[in-house]
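One-letter residues, chain by chain:
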Amino acid sequence: MSFGAAAASRLAGKTILITGASSGIGRATAFEFANAAGGDVKLILTARREASLLAIKEELEKAYPKASVFPIKLDVSKMAEIDSFMEKIPAAAGTVDVLINNAGMVHGVEKVGEITQSDIDIMFQTNVFGLIALTQKFLPGFITRNKGDIVNIGSIAGREPYPGGAIYCATKAVVKSFTESMRKELVASRVRVIEVDPGQVETEFSVVRFRGDKAKADAVYAGVEPLIAEDIAEVIVFAVSRRENTVVADTLVFPSHQASAMIMHRKL
Ligand code: NDP
Ligand code: 8X3
């Protein structure tokens, strides 16, 4: 069987839940799963921006008529929304086979001593508490069925803390630690725990970091060629579409100009 056909048959009929699917890596991952599965997937797409999710559903179902797309509003920073989330999944979406914990954000580049409590709260609530709480909702079912994939999106920032990123880097370090503990706890099961750590990817990430200041966000990518969201989506789909005994446990993905969080070659 060809590489693509094998991936399609392994993904066929799966239900895949993606958080933060309204833009960037999450959105691209939805399209990549539909593409790799030849449209034979059910995609539960979640984020805060419902209108964007609805537009993505329309685009996806037009491009992949066999795909079923279920947009559901979910703010992962709100525990009450996570608590009631599973009841909102329509029966037609089936049982979730793959959970992609992608929703995440950064606010600011302030140094310790100058970081507002509200920025600290929102980064931890979104990147850490939301990811952990949603995982806790789905993992018991995965364990009972002895199958399922959890894909956590970390970052180079979780491996290499940098100045101006104390909180964001700390949140991604938590994701790494949490993910590794969970993989070790599940060693006797067929549940796969996968982490994908991107380097620099041009998405809305930097626009959010600079609170909507597009000029500052663009400056991050001056003189370099960052990854695009689709590059990370391909890695995520590759990991999930391996043979069920294969766990792509951990990957670090850079654009070619980047060799660490701090070491980048800029042509200026
Ligand atoms: P984007 O800003 O383009 O996408 C972030 C997504 O997360 C959006 O869909 C946003 O949707 C969603 N999101 C943010 N806050 C919440 C929330 N409280 N509840 C639900 N959804 C939320 O950035 P990326 O695609 O780049 O980011 C995706 C992941 O990749 C993040 O975890 C990020 O940390 C990680 N990453 C990104 C890198 C980069 O350089 N871009 C590098 C390394 C890791 P909405 O606003 O509609 O809620
Ligand atoms: C995003 C990458 O280096 O801007 O996680 O923190 S970085």
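This text follows the structure it describes.
What comes next concerns the included structure.

What counts, and where the lines are drawn
- Residues numbered from 1 in each chain as written.
- Chains lettered and ligands numbered in written order.
- Predicted model: local features only at pLDDT ≥ 70, side-chain atom pairs only at ≥ 80, totals over all residues.
- Heavy atoms only, no water.
- Helix = DSSP H or I, 4+ residues; strand = E, 2+ residues; numbered from the N terminus.
- Expected span 1.5 Å × (residues − 1).
- Bend = angle between axes of the 7 residues up to and from the residue.
- Contact = heavy atoms within 4.5 Å.
- Polar contact = N/O pair within 3.5 Å; in protein donor to acceptor, adjacent residues only side chain to side chain.
- Buried < 20%, exposed > 50% of the residue type's maximum accessible area, 1.4 Å probe, protein only.
- Pairing = 2+ DSSP bridges.
- Right-handed = clockwise from strand over helix to strand, strands pointing away.

1. Here we look at helix H5 (residues 117–145)
Piece 1. Compared with an ideal rise of 1.5 Å per residue, which puts 29 residues at 42 Å, H5 spans 41 Å between its outermost C-alpha atoms and is within 8% of the ideal.
Piece 2. Helix geometry: H5 is bent most strongly at Gln125, by close to 40°.
Piece 3. Positive phi appears at Asn146, one or two residues downstream of H5, with a value of about 55°.

2. Here we look at the environment of Asn127
Piece 1. Locating Asn127 in the fold gives a position in helix H5.
Piece 2. Along the backbone, Asn127 and Ser177 are 50 residues apart, and their C-alpha atoms lie at a distance of 13 Å.
Piece 3. In this structure, Asn127 is in contact with Gly104, Met105, Tyr168, Thr171, Lys172 and Val175, ignoring residues within four places of it in sequence.
Piece 4. Only 2.9 Å separates the side chain of Asn127 from the backbone oxygen of Met105, close enough to count as a polar contact.
Piece 5. At a separation of 3.1 Å, a polar atom in the side chain of Asn127 contacts the side chain of Thr171.

3. Some points on the pairing of strand S1 (residues 14–19)
Piece 1. Taking burial as the measure, the six residues of S1 include five buried ones, the bulk of the element.
Piece 2. One ladder, built from six bridges, connects S1 with strand S2 (residues 41–47); its direction is parallel. Note that in S2 the partner of Leu17 across the bridge is Ile44.
Piece 3. You can see the chain leave S1, run along helix H2 (residues 24–36) and come back into S2, and the turn it takes is right-handed.
Piece 4. Here S1 pairs with strand S4 (residues 98–101) via three bridges, running parallel.

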